[in-house]
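# Report on the structure
Single-letter residue listing:
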Amino acid sequence: MDNVDVLIIGAGVVGLAIAARLSQQYSNVLLVDKNSTFGEETSSRNSEVIHAGIYYPQNSLKAKLCVRGKQLLYQYCQQRHIPHKKVGKLLVAHGKQEENYLAETLKQAKLNGVDDLVWQSKEQLQESTPALAATAALLSPSTGIIDVHSYMQSLLADTEHNGALFVAQTRFVSATANKSGLAVVLDSQGETSKLQCQHVINCAGLYATEVATAINDMPVSEIPQLHYCRGHYFSYQGKSPFNQLIYPIPEANGLGIHASLNTAGQLKFGPNTQYIEDIDYQVAETLKREFVTAISKYFPDIDSNKLTPDYAGIRPKLQAPNEGFKDFCIQTAKQHSVQGLINLFGIDSPGLTSSLAIAEYVEHLMTSEST
């Protein structure tokens, strides 16, 4: 049986970030993914936004790791020449009630260490962004956009440069705890292999609970229920009327249908939130009416003929449709008693922004467990 210091299951942006970091410390790191290459699911089907860390409850993992991750991600992008732009974002309000929400958001952001938000009056907005309809807004200058594929390619290059191995088309079958860590069975295109792993990091995203269930000693009571939440995106043809990202007041299960730009300046709108039972990435043309209604609130001159279905992503949410905030869930043996195992559940937004900070956090957990 081959010995591996660290096995990382799932080569999305978080798994890649963890692999890039841990391969600096451990000499034998293996990263596997069931798909034909890295980042084929949630990591490549999102808004590509670097979030500021505004909304999340103080001291939550989402708040702390987003703010830390944003700092690390901008540094990384500059060092590695990853296409990105600190374009800023406008969180827009319509009427007094929503303006009160902005005022509370300003307070929450400061609690989270985000102290650069700027209040924008209706007059200021009319001058800076004439296509926008809003009575007020908060400008978040540290919000940005990133070419996620280039970012993931760079993380993989770092991982392999450090001597770690990435193997695609490889499924996790099972694991059993023993005195030396975990004995793992993998299936690579029908060929079964067995590994002795000192550490196993489960960051399988949409399949994280499925992986956890296949670990023989993992208590079922510690495996949360994941909910698939699909978000659709529509692209908008022609020149963008906005130079910044435009966000409405957040909804119960998402940040609302917002306007975002990619690094080439292409405008897109989304995502909405639709809880589904099975993984399906279809974008129905019939969703256009929902999108036009939502977008028209802040972009009244939208030309619906320029709006076309683009792509969909699915978020692994811990909260059910009518539940409140649920934090990232990152478990160690303190929670589940399986030595050497770390599970990451519910890594939805701001998972991309937080990715390098999550890797740093996981390394810290591993270090503290071994001391």
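Everything here concerns the structure above.
A brief look at the structure comes next. Keep in mind that this is a model prediction, so the values were computed, not measured.

### Comments concerning the overall build of the chain
Helices and strands together make up the secondary structure of the chain, namely 9 helices and 20 strands. In terms of overall dimensions, the chain is globule-like: its C-alpha atoms have a radius of gyration of 21 Å, near the 21 Å expected for 371 residues. Expressed along its principal axes, the backbone C-alpha trace of the chain runs to roughly 70 × 40 × 40 Å. Burial analysis of the chain (371 residues in total) assigns 56% to the buried set. Sequence-distant contacts in the chain: of pairs separated by 6 or more residues, those separated by 24 or more amount to 72%. Seen as two clouds, the 29 positive and the 36 negative side-chain charges of the chain have centres 5 Å apart.

### Here we look at the sheet that holds strand β8 (residues 144-146)
Across the sheet, which stays open at both edges, the 3 strands sit in the order β3-β8-β4 with antiparallel pairing between neighbours. Either end of the sheet is taken by a strand with one partner, and the two such strands are β3 (49-50) and β4 (84-85). Judged from the 2 bridges that link them, β4 and β8 form a sheet pairing that is antiparallel. Within β8, the residue paired with H84 across the bridge is I146.

### Focus: the packing of aromatic side chains
In total, this model carries 8 aromatic pairs according to the counting rule given. Between Y233 and Y311, the aromatic rings sit 4.5 Å apart at their centres with planes inclined by 15°, giving stacked as the arrangement. Taken together, the residues Y233 in strand β13 (residues 227-236) and Y311 in strand β18 (residues 307-317) connect sequence positions 78 residues apart. Y233 gets classed as buried once you look at its relative accessible area, which sits at 3%. Judged by relative accessible area, which is 19%, Y311 ranks as buried. A centroid spacing of 5.9 Å and a plane angle of 70° characterise the contact between Y236 and F299, whose relative ring orientation is edge-to-face. Remark: F299 occurs in the loop between α7 (288-296) and β18 and Y236 occurs in strand β13; sequence separation between them is 63 residues. Here the two residues Y236 and F299 agree in accessibility, since each one is buried. Sitting over the ring of Y74, K86 keeps its end group 4.4 Å from the ring centre. Cation over ring: K89 sits above Y247, and NZ or CZ is 4.0 Å from the ring centre.

### Structural notes on the nonpolar core
Grouped burial of nonpolar side chains is what soluble globular proteins tend to show. Formed by 48 residues in total, the largest nonpolar core has its most connected members in I18, Y151, I201, L344 and I358. Elements with a minimum of two residues in this core: β1 (2-9), α1 (13-22), β2 (29-32), α2 (61-80), α5 (148-161), β20 (341-345) and α9 (351-370). Among all residues touching I18, those that are not within four sequence positions of it are I8, I201, C203, L344, I358, A359 and V362. Formed by 45 residues, the second largest nonpolar core is a distinct cluster that contains A93, A137, A259 and L267.

Procedures and definitions
- Per-chain numbering applies: the sequence of each chain, read as written, is numbered from 1 onward.
- Totals for whole chains, interfaces and linings use every residue, but because this is a predicted model, local features are given only for residues with pLDDT of at least 70 and side-chain atom pairs only at 80 or more, for both listing and counting.
- Only heavy atoms go into the side-chain values, all of them from the structure, while hydrogens and water stay out.
- Numbering goes from the N terminus for both helices and strands, where a helix is a DSSP run of H or I of at least four residues and a strand is a run of E of at least two.
- Taken over C-alpha atoms, the radius of gyration is set against a globule rule of 2.2 Å times the number of residues to the power 0.38.
- Three labels apply to residues, based on accessible area from a 1.4 Å probe with only protein chains included: buried if under 20% of the type maximum, exposed if over 50%, partly exposed otherwise in between.
- Any pair of residues with heavy atoms lying within 4.5 Å of one another is described as a contacting pair.
- We count Lys and Arg on the positive side and Asp and Glu on the negative side, and we leave His and both chain ends out.
- Every charge is mapped to an atom, namely NZ of Lys, CZ of Arg, CG of Asp or CD of Glu.
- Any two strands are treated as partners once DSSP identifies two or more bridges connecting them.
- Each Phe, Tyr or Trp ring, with Trp reduced to its six-membered ring, pairs with another whose centre is within 6.5 Å; inter-plane angles below 30 degrees give stacked pairs, above 60 give edge-to-face pairs, and intermediate values give tilted ones.
- By definition, being over a ring means that NZ of Lys or CZ of Arg is both within 6 Å of the ring centre and within 35 degrees of the ring normal.
- We define a nonpolar core as any set of buried Ala, Val, Leu, Ile, Met, Phe, Trp, Tyr and Cys residues linked to one another through side-chain atoms lying within 4.5 Å.

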